[in-house]
Amino acid sequence: MSELDVKRIEEFGFSSQQLVDLLINYQKNITTDCDDLLRLLREDSREVFLARLHAFKGMVSLFAKPTLVQSVAQIEKDAQEFNSGFLTLQVEQLQAKSERLNKEVQAYLLQIH
């Protein structure tokens, strides 16, 4: 299943170099943010986790398909209970989707560069 919304990327109308820079930064943030979410769960930092998860949802929505954004929204909803074991499983699944998104962004970058 594809996670990248190519149509949305093309709607931005950036120059090739601007787009490359933006997508490289996007890739880095996806990876870093997912790692941070897992770390925050392990540290039991509920408030910080919720804030970072919300920020991640906004950032990932730039170029991800709605299904991925909805996954993050569901985790955000479930996080109100803060069952760290269940949330860890959900964030690990989110991490797998994010890795797929990163690979798709990389493939797109290779196409335009």
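A. Focus on the overall build of the chain. A count of helices and strands for the chain gives five helices and zero strands. Along the chain, from the amino end to the carboxyl end, the secondary structure elements read α-α-α-α-α. In summary, the chain has a C-alpha radius of gyration of 14 Å against a globular reference of 13 Å for 113 residues, a match within 12%. Taken over the C-alpha atoms alone, the chain extends approximately 45 × 20 × 20 Å along its principal axes. By residue count, 40% of the 113 residues in the chain fall in the buried class. Restricting to contacts in the chain with at least 6 residues of sequence separation, those with at least 24 account for 73%. Total accessible area on the chain stands at roughly 6,400 Å², and carbon and sulfur atoms take up 52% of it. A distance of 2 Å separates the average location of the 13 positive side-chain charges in the chain from that of its 17 negative side-chain charges.

B. The pattern of salt bridges, seen in detail. Under the defined criterion, the tally for this structure stands at seven salt bridges. Across the pair Asp36 and Arg39 runs a salt bridge, and its minimum N-O distance is 3.8 Å. Residue Asp36 and its partner Arg39 are both found in helix 2 (residues 16-42); the two are separated by three residues, about one turn of the helix. Across the pair Arg39 and Glu43 runs a salt bridge whose closest N-O atoms are separated by 3.1 Å. Look at Arg39 and you get partly exposed, because its relative accessible area is 35%. Taken together, the salt bridges that share partners define one network made up of Asp33, Asp36, Arg39, Glu43 and Arg52.

C. View of the nonpolar core. One finds Leu23, Tyr26, Phe49, Phe56, Val60, Leu94 and Leu101 to be the most contacted residues of the largest nonpolar core, which totals 33 residues. The leading source of residues in this core is helix 2, at 10 residues.

D. Spotlight on the packing of aromatic side chains. One pass over the full model with this rule turns up three aromatic pairs. By the ring-pair criterion, three or more aromatic residues cluster together here, those being Phe12, Phe14, Tyr26 and Phe63.

E. The arrangement of helix 3 (residues 46-60) in detail. Over its 15 residues, helix 3 extends 21 Å from the first C-alpha to the last, a length consistent with the 21 Å expected when each residue adds 1.5 Å. If you check which residues of helix 3 are buried, you get Phe49, Leu50, Leu53, Phe56, Met59 and Val60. The inward-facing, buried residues of helix 3 abut helix 2, helix 4 (66-78) and helix 5 (84-112).

F. Main features of the environment of Arg52. Within the secondary structure layout, Arg52 lies in helix 3. Relative accessible area serves as the criterion here: at 31%, Arg52 is assigned to the partly exposed category. Separated by 24 residues in the primary sequence, Arg52 and Glu76 have C-alpha atoms spaced 10 Å apart. When neighbours within four sequence positions are excluded, Arg52 is seen to be in contact with Asp33, Asp36, Leu37 and Leu40.

How each quantity is defined
Residues numbered from 1 in each chain as written. Predicted model: local features only at pLDDT ≥ 70, side-chain atom pairs only at ≥ 80, totals over all residues. Heavy atoms only, no water. Helix = DSSP H or I, 4+ residues; strand = E, 2+ residues; numbered from the N terminus. Rg over C-alpha atoms; globule rule 2.2 N^0.38 Å. Buried < 20%, exposed > 50% of the residue type's maximum accessible area, 1.4 Å probe, protein only. Contact = heavy atoms within 4.5 Å. Areas by Shrake-Rupley, 256 points an atom, 1.4 Å probe, with all protein chains shown as cover. Lys, Arg positive; Asp, Glu negative; His and termini not counted. Charge placed at Lys NZ, Arg CZ, Asp CG, Glu CD. Salt bridge = Lys/Arg side-chain N within 4 Å of Asp/Glu carboxyl O. Core = buried A, V, L, I, M, F, W, Y, C linked by side-chain atoms within 4.5 Å. Phe/Tyr/Trp six-rings, centres within 6.5 Å; stacked < 30°, edge-to-face > 60°. Expected span 1.5 Å × (residues − 1).

Worth remembering: the numbers are spatial, not functional.
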